[in-house]
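Architecture and fold: a report
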Amino acid sequence: MAKTKCKSGARLTQSKNQSKICPQRRIKVNRAYYLYHLKDDQSGAGRPIPWIQLKGHWLQQAGFEINTPVKVRVMEGCLVITTEP
């Protein structure tokens, strides 16, 4: 399995069975904060929430053009993102 580093910092991995158009992406779940106050949070800082950012030319190569509606299916330990017609 070849591993390279792309310009965005995401690590790319590609197996022999995958095409060059859709290699695997390895990214990290980051932390973000809601800008509104929760009832039980008196500190005013809000609570951290998981946040994932996806961007890059590889999205367009995979069929995710700008303004394309997407569907996200959520399962335990898995997100499946597909374009919607």
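Residues numbered from 1 in each chain as written. Predicted model: local features only at pLDDT ≥ 70, side-chain atom pairs only at ≥ 80, totals over all residues. Heavy atoms only, no water.

So, on to the overall build of the chain. A count of helices and strands for the chain gives 1 helix and 7 strands. Starting at the N terminus, the α and β elements of the chain follow one another as β-β-β-β-β-α-β-β. A buried classification covers 9% of the 85 residues belonging to the chain. Considering only intrachain contacts with a sequence separation of at least 6, the fraction spanning at least 24 residues in the chain is 10%. (Helix = DSSP H or I, 4+ residues; strand = E, 2+ residues; numbered from the N terminus. Buried < 20%, exposed > 50% of the residue type's maximum accessible area, 1.4 Å probe, protein only. Contact = heavy atoms within 4.5 Å.)

Turning our attention to a nonpolar patch on the surface. The grouping of I27, V29, I52, L54, V70, V72, V74, L79 and I81 at the surface amounts to a nonpolar patch, some 760 Å² of accessible area in total. Elements represented by at least two residues in the nonpolar patch include exactly β6 (70-75) and β7 (78-83). Among the elements that line the nonpolar patch, the one with the most residues is β6, at 3 residues. Mapped onto the elements of the fold, V72 is located in strand β6. Since its relative accessible area comes to 46%, V72 is described here as partly exposed. (Patch = residues over 30% accessible without salt bridge, like charges linked within 9 Å, V, L, I, M, F, W, Y side chains within 5 Å. Areas by Shrake-Rupley, 256 points an atom, 1.4 Å probe, with all protein chains shown as cover. Salt bridge = Lys/Arg side-chain N within 4 Å of Asp/Glu carboxyl O.)

Attention now goes to the confidence of the model for the chain. Overall, the prediction assigns the chain a mean pLDDT of 76, with 60% of residues at 70 or greater. Taken element by element, the predicted model of the chain shows its lowest mean pLDDT in strand β1 (residues 2-5) (45) and its highest in β6 (96). Here residues 1-19 scores under 50 on pLDDT; set against residues more than four positions off or in separate chains, the count is 29 contacts. (pLDDT = per-residue confidence, 0-100.)

Glancing now at unusual backbone geometry. Non-glycine residue N67 carries a positive phi angle of around 70°. Structurally, the position occupied by N67 is in the loop between α1 (57-61) and β6. Taking relative accessible area as the criterion, N67 reaches 76% and is therefore assigned exposed.

What follows covers the environment of W58. Inspection of the secondary structure assignment puts W58 in helix α1. W58 gets classed as partly exposed once you look at its relative accessible area, which sits at 21%.

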